[in-house]
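# Reading the structure
Chain residues, written in single-letter form:
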Amino acid sequence: MEPQSHSDETCTDINSPGRRRSVEPVLMDTSEVATMLNMSTSWVYKEASKLGLKGYKLGRGRNAKVLYKRAELFKWLEQQKIH
């Protein structure tokens, strides 16, 4: 019996060979955050630090991209629940 060969070496799920598992992104850009919160991107830029959401700036100048950790956003969102 020959060992099974897989053409896809990037498989992330050991238990199911040959299948790719989708991976959730760790970071979200400002427009994704705004869409998720149903707010404008300018609101996110202005209010994020006040809300405790720390942005991570990639690049320089006007073209710099600000990203936010998905987990931090969900944590903040959970804290906004009305009990």
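Residues numbered from 1 in each chain as written. Predicted model: local features only at pLDDT ≥ 70, side-chain atom pairs only at ≥ 80, totals over all residues. Heavy atoms only, no water.

### Digging into the sheet that holds strand E1 (residues 27-29)
Here 3 strands make up an open sheet; going across it, the order is E1-E3-E2 and the pairing antiparallel. Either end of the sheet is taken by a strand with one partner, and the two such strands are E1 and strand E2 (55-58). Ignoring strand direction, the axes of neighbouring strands in this sheet form an average angle of 40°. Bridge count for E1 against strand E3 (residues 65-69) is 3 bridges, and the pairing is antiparallel. (Pairing = 2+ DSSP bridges. Helix = DSSP H or I, 4+ residues; strand = E, 2+ residues; numbered from the N terminus. Axes fitted to C-alpha atoms, helices over the stretch in contact; angles between N-to-C directions.)

### Things to note about the pairing of E2
Strand direction decides the pairing type here: E2 and E3, joined by 4 bridges, are antiparallel. Paired with Tyr 56 across the bridge in E3 is Leu 67. Counting the residues between successive antiparallel strands, the hairpin from E2 to E3 contains 6 residues, one of them, Gly 59, with a positive phi of roughly 100°.

### Things to note about helix H1 (residues 30-37)
Those residues of H1 that fall on the buried side of the exposure criterion are Thr 30, Val 33, Ala 34 and Leu 37. Take H1 and look down its axis: the buried residues cluster within an arc of 100°, on one side only. Tucked inside the fold, the buried residues of H1 contact E1, helix H2 (41-51), E3 and helix H3 (70-79). At the C-terminal side of H1, Asn 38 shows a positive phi close to 60°. (Buried < 20%, exposed > 50% of the residue type's maximum accessible area, 1.4 Å probe, protein only. Arc of directions from axis to C-beta. Contact = heavy atoms within 4.5 Å.)

### Notes on the packing of H1 against H2
At a minimum axis distance of 8 Å, the contact between H1 and H2 shows a crossing angle of 100°. Classified by the angle between their axes, H1 and H2 sit roughly perpendicular to one another. Contact residues: Thr 30, Ser 31, Val 33, Ala 34 and Leu 37 in H1; Thr 41, Trp 43, Val 44 and Tyr 45 in H2. For the contact of H1 with H2, the class distribution of residues is 6 nonpolar, 3 polar and no charged. (Parallel < 35°, antiparallel > 145°, perpendicular 65-115°, else oblique. Nonpolar A, V, L, I, M, F, W, Y, C, P; charged D, E, K, R; others polar.)

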